[in-house]
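Letter by letter, the chains look like this.
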Amino acid sequence: MDPKKNSKIAERNYEVEDYKRNDQMSKGFAETHEQVSDSYMDGDNDEEELSE
């Protein structure tokens, strides 16, 4: 793989527009962002176990 292309990929971050884009990287960012958001909103399950 081209080192310049690798560097460009490594510099890429999630953007809100990723939900509307159709390329593989944008779809991956959107899906990962959704999963992280869901996990964050669910909270930490360890705290429930410790308080019992």
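Look a little higher up for the structure.
Note that the structure is a prediction, hence the values are computed from the model and not measured. (Residues numbered from 1 in each chain as written. Predicted model: local features only at pLDDT ≥ 70, side-chain atom pairs only at ≥ 80, totals over all residues. Heavy atoms only, no water.)

### Section: the overall build of the protein chain
Counting its secondary structure elements, the protein chain contains three helices and zero strands. Mapped from its N terminus to its C terminus, the protein chain presents α and β elements in the order α-α-α. The buried share of the protein chain, taken over its 52 residues, is 8%. As displayed, the protein chain offers around 5000 Å² of accessible surface, 49% of which is attributable to carbon and sulfur atoms. (Helix = DSSP H or I, 4+ residues; strand = E, 2+ residues; numbered from the N terminus. Buried < 20%, exposed > 50% of the residue type's maximum accessible area, 1.4 Å probe, protein only. Areas by Shrake-Rupley, 256 points an atom, 1.4 Å probe, with all protein chains shown as cover.)

### Here we look at the pattern of salt bridges
A full pass over the atoms with the stated rule returns three salt bridges. We note a salt bridge from R12 to D18, for which the minimum N-O separation is 2.7 Å. Linking R21 and E15 is a salt bridge whose minimum nitrogen-to-oxygen distance equals 2.9 Å. Owing to a relative accessible area of 30%, R21 belongs among the partly exposed residues under this scheme. Exposure remark for E15: the relative accessible area of 32% places this residue in the partly exposed category. (Salt bridge = Lys/Arg side-chain N within 4 Å of Asp/Glu carboxyl O.)

### Comments concerning the packing of aromatic side chains
Aromatic rings considered in pairs are described by the distance between their centres and by the relative angle of their planes. This model, assessed by the stated rule, comprises one aromatic pair. Each ring, one from Y14 and one from Y19, has its centre 6.1 Å from the other, and the planes form 85°; the classification is edge-to-face. (Phe/Tyr/Trp six-rings, centres within 6.5 Å; stacked < 30°, edge-to-face > 60°.)

### What to know about the environment of T32
Residue position: T32 is located in helix α2 (residues 24-42). Classification of T32 by relative accessible area gives partly exposed; the value is 42%. Of note is the side chain of T32, whose polar atom sits 2.9 Å from the backbone oxygen of G28. (Polar contact = N/O pair within 3.5 Å; in protein donor to acceptor, adjacent residues only side chain to side chain.)

Remember, this is a structural readout, not a statement about activity or role.
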